[in-house]
Amino acid sequence: MTDSTSKLLNKLTRGDRPLSCLARPEEEPSLAGTLRELLSRRGLSPADWIRMANISRSYAYQVLRGERRPGRDILLRTALSLSLSLEETQRLLVLGSCGALYPRLRRDAAVIYALSHDLSPEETEELLASLPEPGLYGGEG
């Protein structure tokens, strides 16, 4: 079991053999592995994800194999399609190197609202258009 962030910070700052806590390399989760795990836990196939999140088939399989990194909008459509929690969505965005949702940004706030109220990607698109903010279907993937 890994140490919590605060415990790790404490070990590093105490000075007593600080590098000993870094001696064991731990495998970091990958975006592709996390996506496959999320689909599996929800009983969905890659084809279900492709249809639900409106992603091209070849691109989606490259993402699932770890060959491509999806953009932020694809990850947001994925989160909305899979009804992910805000915490799961933030984790997915961070693993995708897309930056977490920030509630002070109007578009991000709208997406947080959509996630919290279980809106579909299409309903979220309508919400964004009504603000007006850029939609989730910007032509990527």
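Residues numbered from 1 in each chain as written. Predicted model: local features only at pLDDT ≥ 70, side-chain atom pairs only at ≥ 80, totals over all residues. Heavy atoms only, no water.

A. Structural context of the overall build of the protein. Within the protein one finds eight helices and zero strands. The buried share of the protein, reckoned over its 141 residues, is 34%. Once local pairs closer than 6 in sequence are excluded, the contacts in the protein between residues at least 24 apart make up 53%. A total of about 8700 Å² of accessible surface is found on the protein, and carbon and sulfur atoms cover 52% of it. (Helix = DSSP H or I, 4+ residues; strand = E, 2+ residues; numbered from the N terminus. Buried < 20%, exposed > 50% of the residue type's maximum accessible area, 1.4 Å probe, protein only. Contact = heavy atoms within 4.5 Å. Areas by Shrake-Rupley, 256 points an atom, 1.4 Å probe, with all protein chains shown as cover.)

B. Looking closely at helix H8 (residues 121-130). Those residues of H8 that sit buried are Pro121, Thr124 and Leu128. Here the buried residues of H8 occupy an arc of 60 degrees about the axis, which is enough to place them on one side. Of the exposed residues in H8, the ones pointing more than 90 degrees away from its buried face are Glu126, Ala129 and Ser130. Residues of H8 that are buried in the fold lie against helix H3 (46-53), helix H5 (72-81) and helix H7 (106-116). (Arc of directions from axis to C-beta.)

C. Structural context of H5. In terms of burial, H5 is largely enclosed, as ten of its ten residues are buried. By the burial criterion, the buried members of H5 are Arg72, Asp73, Ile74, Leu75, Leu76, Arg77, Thr78, Ala79, Leu80 and Ser81. Each element contacted by the buried residues of H5 is listed here: helix H2 (31-41), H3, helix H4 (57-64), helix H6 (86-95), H7 and H8. Two residues or fewer after H5 comes Ser83, characterised by a positive phi angle close to 55 degrees.

D. A look at the nonpolar core. Residues Leu35, Trp49, Ile55, Leu92 and Leu101 are the most contacted members of the largest nonpolar core, which totals 32 residues. When contributions to this core are tallied by element, the ones reaching two or more residues are H2, H3, H4, H5, H6 and H7. With near-sequence residues (within four places) excluded, Trp49 lies in contact with Leu35, Leu39, Asn54, Ile55, Ala60, Val63, Leu64 and Thr78. (Core = buried A, V, L, I, M, F, W, Y, C linked by side-chain atoms within 4.5 Å.)

E. Here's a closer look at the side chain of Thr124. Looking at where Thr124 falls in the secondary structure, it is placed in helix H8. Of the polar contacts made by the side chain of Thr124, one reaches the backbone oxygen of Ser120; its length is 2.8 Å. Non-local contacts of Thr124, meaning those with residues more than four positions away in its chain, are made with Leu80, Ala114, Leu119 and Leu136. (Polar contact = N/O pair within 3.5 Å; in protein donor to acceptor, adjacent residues only side chain to side chain.)

F. Broad picture of a negative patch on the surface. On the surface, a cluster of negative charge is made up of Asp118, Glu122, Glu123 and Glu126. Looking at where Glu126 falls in the secondary structure, it is placed in helix H8. (Patch = residues over 30% accessible without salt bridge, like charges linked within 9 Å, V, L, I, M, F, W, Y side chains within 5 Å. Salt bridge = Lys/Arg side-chain N within 4 Å of Asp/Glu carboxyl O. Lys, Arg positive; Asp, Glu negative; His and termini not counted. Charge placed at Lys NZ, Arg CZ, Asp CG, Glu CD.)

G. Geometry of the side chain of Thr89. Topologically, Thr89 is positioned in helix H6. For Thr89, the side chain forms a polar contact with the main-chain oxygen of Ser85, separated by 2.8 Å.

H. Region of interest: the packing of H3 against H5. Their axes nearest at 9 Å, the elements H3 and H5 cross at an angle of 110 degrees. Taken together, the axes of H3 and H5 are roughly perpendicular relative to one another. Each of Trp49, Met52 and Ala53 in H3 lies in contact with H5, whose residues at this interface are Arg77, Thr78 and Ser81. Of the residues in the contact of H3 with H5, the class split is three nonpolar, two polar and one charged. (Axes fitted to C-alpha atoms, helices over the stretch in contact; angles between N-to-C directions. Parallel < 35°, antiparallel > 145°, perpendicular 65-115°, else oblique. Nonpolar A, V, L, I, M, F, W, Y, C, P; charged D, E, K, R; others polar.)

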